[in-house]
Amino acid sequence: MANGQWYPPEWPDRIRALAAGTLTPVTPKRAATVMLLKDTGSGPAVHMLRRRASMAFAGGAYAYPGGGVDPRDDDHHVRWAGPTRVWWADRLGVDQTAAQAIVCAAVRETYEEAGVLLAGETPDSVVGDTTGADWEADRAALVARDLSFAEFLDRRGLVLRSDLLGAWTRWITPEFEARRYDTWFFVAALPEGQRTRNASTEADRTVWTAPGEAAAGYDKGELLMMPPTIATLRQLTAYGSAAQALADAPGRDLTPVLATARLVDEDIVLSWPGHDEFTKHIPTAPTGGAPA
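Cut-offs and rules
Residues numbered from 1 in each chain as written. Predicted model: local features only at pLDDT ≥ 70, side-chain atom pairs only at ≥ 80, totals over all residues. Heavy atoms only, no water. Helix = DSSP H or I, 4+ residues; strand = E, 2+ residues; numbered from the N terminus. Rg over C-alpha atoms; globule rule 2.2 N^0.38 Å. Buried < 20%, exposed > 50% of the residue type's maximum accessible area, 1.4 Å probe, protein only. Areas by Shrake-Rupley, 256 points an atom, 1.4 Å probe, with all protein chains shown as cover. Expected span 1.5 Å × (residues − 1). Pairing = 2+ DSSP bridges. Axes fitted to C-alpha atoms, helices over the stretch in contact; angles between N-to-C directions. Contact = heavy atoms within 4.5 Å. Phe/Tyr/Trp six-rings, centres within 6.5 Å; stacked < 30°, edge-to-face > 60°. Lys NZ or Arg CZ within 6 Å of the ring centre and 35° of its normal. pLDDT = per-residue confidence, 0-100. Parallel < 35°, antiparallel > 145°, perpendicular 65-115°, else oblique. Left-handed = near helix turned anticlockwise from the far one by under 90°. Nonpolar A, V, L, I, M, F, W, Y, C, P; charged D, E, K, R; others polar. Polar contact = N/O pair within 3.5 Å; in protein donor to acceptor, adjacent residues only side chain to side chain.

A. Expanded view of the overall build of the protein chain. In terms of regular secondary structure, the protein chain is built from eight helices and 14 strands. The C-alpha radius of gyration of the protein chain comes to 19 Å, within 12% of the 19 Å expected for a compact globule of 292 residues. Buried positions account for 50% of the 292 residues belonging to the protein chain. Counting every atom, the protein chain has about 12,700 Å² of accessible surface; 49% of that belongs to carbon and sulfur.

In structure tokens:
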């Protein structure tokens with residue numbers, strides 16, 4: 001039975017063009033995504049959204065809240081709680097300004113797409129209900145990029161709670177993909193008093209699901225996912241609580257995962273280092289398009 005591995009139909013042609021030297025890889029944009037967890041009686045559940053089928057990139061696939069880094073968050077010194085920017089720079093493998101922008105992106109995207117805000121009025125507090133009209137106006141301004149996240153925090157007098165995030169893994173979109181992202185995956189626990197909602201214009205459905213159940217849906221071909229999504233779901237099945245996952249995050253390897261493609265007897269072999277389940281053998285005359 002086919003699983004739910006997302007596979008764009010244009011990849012074989014682009015892979016061959018890259019091998020022939022006629023395709024120049026685009027530079028990946030920095031991005032962040034957050035696996036938001038909440039405890040249930042049978043272990044943690046993770047918040048996922050289904051991208052609209054009309055989306056050019058991974059339409060119909062299940063994913064986590066996330067998106068690109070806003071360069072405006074590089075140079076504005078936001079109020080900050082938790083590990084220092086120096087610590088985060090070392091953890092993420094970037095300089096301090098980039099580290100701040102990546103962490104800001106993780107917190108901002110969680111607010112934009114799930115309505116959950118990892119920030120508080122003091123370094124040891126978190127805001128409560130964020131569903132009021134004034135909050136929604138600010139969220140809409142963030143989505144429209146009329147307001148930077150740093151400006152939003154200043155306007156609200158809020159402190160970014162970087163201690164509520166754990167850097168989990170890092171994946172880079174393959175060189176042959178037209179839309180490329182260098183994405184840091186984070187884990188976070190749903191703050192007390194807040195609740196998620198489908199606040200994203202890019203999603204037609206959101207769910208709280210046990211990682212094991214979502215992975216089973218993928219294995220049956222019922223849920224479409226990109227490799228990093230199903231890979232992280234499988235990793236989360238080992239944890240009995242959100243706190244356990246967060247406690248493990250600082251020790252996790254953040255070496256980037258980047259897919260490679262090679263030609264073998266005129267066929268393409270596509271693989272993700274360290275993740276053998278995603279290896280694909282693409283024939284010379286591929287049909288493409290369908291999930292693997």
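B. Summary view of helix H3 (residues 96-114). In this model H3 runs 27 Å from its N-terminal to its C-terminal C-alpha over 19 residues, within 8% of the 27 Å that 1.5 Å per residue would give. Of all 19 residues making up H3, 17 are buried, and the element is well covered by its neighbours. The positive-phi residue at the C-terminal boundary of H3 is Gly115, with phi of around 75 degrees.

C. Representation of the sheet that holds strand E12 (residues 260-264) in the model. Pairing within the open sheet is antiparallel, and its three strands lie in the order E12-E13-E14. What marks the edges here is a single partner per strand, and that holds for E12 and strand E14 (275-282). Across the sheet, the mean angle from the axis of one strand to that of its neighbour is 20 degrees, orientation sign disregarded. Across four bridges, the pairing between strand E13 (residues 267-272) and E14 is antiparallel. Counted as the bridge partner of Leu270 is Lys280 from E14. Contacts from helix H1 (residues 11-20) reach E12, E13 and E14 within the one sheet, and its direction differs from that of E13 by about 95 degrees. Sheet contacts for helix H7 (residues 227-236): E13 and E14; angle to E14, the most-contacted strand, approximately 155 degrees.

D. Quick peek at the packing of aromatic side chains. Counted according to the given criterion, the structure contains 11 aromatic pairs. Note on Trp11 and Phe176: the rings are 5.1 Å apart at their centroids and 80 degrees apart in plane angle, and the pair reads as edge-to-face. Taken together, the positions of Trp11 in helix H1 and Phe176 in the loop between strand E8 (165-172) and strand E9 (181-189) put the pair 165 residues apart, joining distant regions of the chain. Side by side, Trp11 and Phe176 carry an identical accessibility label, which is buried. A network of ring pairs unites the aromatic residues Trp11, Phe176, Trp272 and Phe278 as a single cluster. Lying across the ring of Trp135, Arg156 places its NZ or CZ 3.8 Å from the centre. Directly above the ring of Trp168 sits Arg252, whose terminal nitrogen or CZ lies 4.2 Å from the centroid.

E. Up close: the confidence of the model for the protein chain. Confidence in the prediction for the protein chain averages 88 pLDDT; 92% of positions are at 70 or higher. Here residues 286-292 scores under 50 on pLDDT; set against residues more than four positions off or in separate chains, the count is 16 contacts.

F. Unusual backbone geometry, seen in detail. At Arg145, a residue that is not glycine, the phi angle is positive and equals roughly 65 degrees. Turning to its location among the elements, Arg145 is positioned in the loop between helix H4 (133-143) and helix H5 (149-156). Of the residues examined, Arg145 reaches a relative accessible area of 31% and is grouped as partly exposed.

G. Here's a closer look at the packing of H4 against H5. Put simply, H4 and H5 touch, their axes get as near as 10 Å, and they point 160 degrees apart. For the element pair H4 / H5, the angle class is roughly antiparallel. For the pair H4 and H5, the crossing hand works out as right-handed. Across from Asp134, Trp135, Asp138 and Leu142 in H4, the residues of H5 making contact are Phe149, Phe152, Arg155 and Arg156. Split into classes, the residues belonging to the contact of H4 with H5 amount to four nonpolar, no polar and four charged.

H. The sheet that holds strand E5 (residues 80-81), seen in detail. With mixed pairing, three strands are arranged side by side in an open sheet as E5-E7-E6. Among the strands making up the open sheet, the edge pair consists of E5 and strand E6 (119-120). Pairing of E5 with strand E7 (residues 159-161) involves two bridges; the strand directions are parallel. Following the sheet pairing, Ala81 is matched in E7 by Arg161.

I. Up close: the environment of Asp163. Among the structural elements, Asp163 can be located in the loop between E7 and E8. Asp163 sits 82 residues away from Ala81 along the chain, and the two C-alpha atoms are 6.6 Å apart. Setting aside anything within four residues of it in sequence, one finds Asp163 in contact with Ala81, Gly82 and Pro83. At 2.8 Å, the side chain of Asp163 and the side chain of Arg161 are in polar contact.

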